[in-house]
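Observations on the three-dimensional arrangement
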Amino acid sequence: MEFFQNLGASTRSSFTKLGRGSYFLVHLLAGISSVLVRPHLLLKQLHSVGVLSFLIISISGLFVGMVLGLQGFYILSRFGAEETLGVMVAASLVRELGPVVTALLFAGRAGSALTAEIGLMKATEQLSGMEMMAIDPIKRIISPRFLAGFLSMPLLAALFSCVGIIGGQLVGTGLLGVDDGAYWSQMQANLDFQGDIINGVIKSIVFGFVTSWIALFEGYDSIPTAEGVSRATTRTVVNSAFSILGLDFILTALMFGDN
Amino acid sequence: MDNHVPTQDSIVTVHNLTFSRGEKKIFDDISLEFERGKVTAIMGPSGTGKTTLLKLIGGQLFPDHGSIMVSGRNIHHLKHDDLYALRKRMGMLFQSGALLTDMSVFENVAYPLREHTQLPESMIRTLVLMKLEAVGLRGARNLMPNELSGGMARRVALARAIALDPMMILYDEPFTGQDPISMGALVHLIKALNTTLGLTSIIVSHDVHETAAIADYIYVLSEGKVIGQGTPKEIFDSPSLWVQQFMNGAADGPVHFHYPAKNYMEDLLHSEKPIFSRQRPPSDRTSKRKRYS
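This one's a predicted model, so the numbers in the text were calculated from it and none came from an experiment.

1. Let's talk about the overall build of chain A
Secondary structure summary: chain A contains ten helices and zero strands in total. Mapped from its N terminus to its C terminus, chain A presents α and β elements in the order α-α-α-α-α-α-α-α-α-α. In terms of overall dimensions, chain A has a C-alpha envelope of 65 × 55 × 35 Å along the principal axes. Classification of the 259 residues of chain A by burial places 46% in the buried group. Here the analysis covers contacts within chain A between residues at least 6 apart in sequence; of these, 84% occur between residues at least 24 apart. When the accessible surface of chain A is split by element, carbon and sulfur atoms take 71% of a total near 12,100 Å². Put simply, chain A has 15 plus and 17 minus side-chain charges, and the middle of one group is 13 Å from the middle of the other.

What follows is the structure in structure tokens.
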């Protein structure tokens, strides 16, 4: 009986939390107009959320591209199709790995930092203090961070894919002897702008939206204690990862289902 | 004891307030009056909901029953914009100071001025320096909050609270954890600001002597009720055992030292569960569910 009670309670609390999260989302989206009036708030967050993620994204992209170059070459060479290595590396990165791995890294690096920052601001009464100064913390603190995360994600995913393609080329043409011209020309000829690149960008926009929302909401909704903030940070990474991978499946099925 | 006669010159009127957290009743049908231009203190043991009362007066929490009138308006019936307009006329000093940690002392005090006024930078600078001078920290304007002591942080927060020249200030435990010098400075400052700026002050505190030294009127709360009220002298002379226990700091009395529990011997002789049991007791699970719901 207790099992059913607990099940009911946890289901109810999940739906309550979803409701709070949705209300929070509507509020933060309404606050975006005030961010546009104060662009310095956005620029500061673009720096901390986006620019400071450059290094981890670039290095990860480089290694993922290099591994793709190695794995792709071994498989393609079995069929005598090494010349198409560029297509394989680029398509894998642009369609899947670029948006997904960038979003996962973003959740781990920037998402957790956002949750911890907002959670600690709540714990130290900074958010309450702003409310009592008649300054809406959603407009001044939350919305600029959301917008920065939302705008940064597609740019970081593009960076990841570009660096990955260079990594694949370094291994493929530099190490394994694939023809340099074939690597680039096959890529140019077979990669579709609308079908591959734009769909990849759409994915990263969706992931940016969801990851930033989760990170900020978990911070804002955290229990204002050391343990509460720590749990919220963990939930940000776990829930973001689930959401990214689940949404990736749905988006892939919708975008590439006919191919 | 809730028989305080409302006066015409009240800036805040709490009328038949009831507020609960979960099943625990924090306030049980209490009524309070805060007179304009006076220092009114709310005192009581820890956990009696003193800070909660300030959040209710500031409109951050909603009562279950009753009303809170601030400057003649029911704060819980105001629209968002009206509530924020009223809050511009209220300052609040949080226990932690609640300074924004990514801004210097100067920027923290300037923040409400920048947000709510269109004043030129030169005037903002002058105003900020005047407010910092009032709390004795003009020389600390370039420090960051993490470089301040607890007492200094509270004084900066006080400068920020008076930046917009409010009609009243709510103080949440202003003396807690202060060394005697900082405490003396804060006691003097609160009284001086109240007199010179014509403010109304509401102080929540359990530091009996410091608060009584500057308060014009005191309410003593315990277990959701007003157990005593009057001028500091009346409170010290109160015949109520509850009030006497609190004012004299007696460990036991009507307010028990021990949290309610079953018989001590019985508790010692009957162990319920191994100490390192992985399973939480059922009551703990229930409270966790409630906390998240």
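Having seen the structure, we can now continue with the description.
2. A look at helix α3 (residues 105-116) of chain B
In terms of burial, α3(B) is largely enclosed, as nine of its twelve residues are buried. Among the residues of α3(B), those classed as buried are B:Val105, B:Phe106, B:Asn108, B:Val109, B:Ala110, B:Tyr111, B:Pro112, B:Leu113 and B:Glu115. Where α3(B) is buried, its residues meet α6 (126-132) and α7 (137-175) of chain A together with α4 (121-134) and α5 (150-161) of chain B.

3. A look at the interface of chain B and chain A
Where interface size is given, it is often the accessible area lost as the parts come together that is meant. On the side of chain A, 27 residues touch chain B, which itself brings 29 residues to the contact. Surface buried jointly by chain B and chain A totals about 2,400 Å² across both partners, of which 52% is contributed by carbon and sulfur atoms. The interface formed by chain B and chain A holds three salt bridges in total. Note that B:Glu115 and A:Arg38 form a salt bridge whose closest N and O atoms lie 3.6 Å from each other. Along the contact surface separating chain B from chain A lie ten residue pairs in polar contact (both at pLDDT 80 or more). For the side of chain B that touches chain A, the secondary-structure elements that each account for two or more residues are α2 (80-87), β6 (90-93), α3 and α11 (282-292) of chain B. Broken down by element, the side of chain B that touches chain A gets its largest block of residues, five residues, from α11(B).

4. Considering the sheet that holds strand β4 (residues 65-70) of chain B
Residue and element names in this part refer to chain B. The four strands are arranged β2-β1-β4-β5 in an open sheet whose pairing can be described as antiparallel. The strands lining the two open edges of the sheet, one partner per strand, are β2 (24-35) and β5 (73-74). Where strand β1 (residues 10-21) and β4 come together, five bridges link them in antiparallel fashion. Bridged to His15 within β4 is Ser67. Packing of helix α1 (residues 50-57) onto the sheet brings it into contact with β1, β2 and β4, and relative to β1 it is tilted by some 120°.

What counts as what
Residues numbered from 1 in each chain as written. Chains lettered and ligands numbered in written order. Predicted model: local features only at pLDDT ≥ 70, side-chain atom pairs only at ≥ 80, totals over all residues. Heavy atoms only, no water. Helix = DSSP H or I, 4+ residues; strand = E, 2+ residues; numbered from the N terminus. Buried < 20%, exposed > 50% of the residue type's maximum accessible area, 1.4 Å probe, protein only. Contact = heavy atoms within 4.5 Å. Areas by Shrake-Rupley, 256 points an atom, 1.4 Å probe, with all protein chains shown as cover. Lys, Arg positive; Asp, Glu negative; His and termini not counted. Charge placed at Lys NZ, Arg CZ, Asp CG, Glu CD. Buried area = accessible area lost by both parts, 1.4 Å probe. Salt bridge = Lys/Arg side-chain N within 4 Å of Asp/Glu carboxyl O. Polar contact = N/O pair within 3.5 Å; in protein donor to acceptor, adjacent residues only side chain to side chain. Pairing = 2+ DSSP bridges. Axes fitted to C-alpha atoms, helices over the stretch in contact; angles between N-to-C directions.

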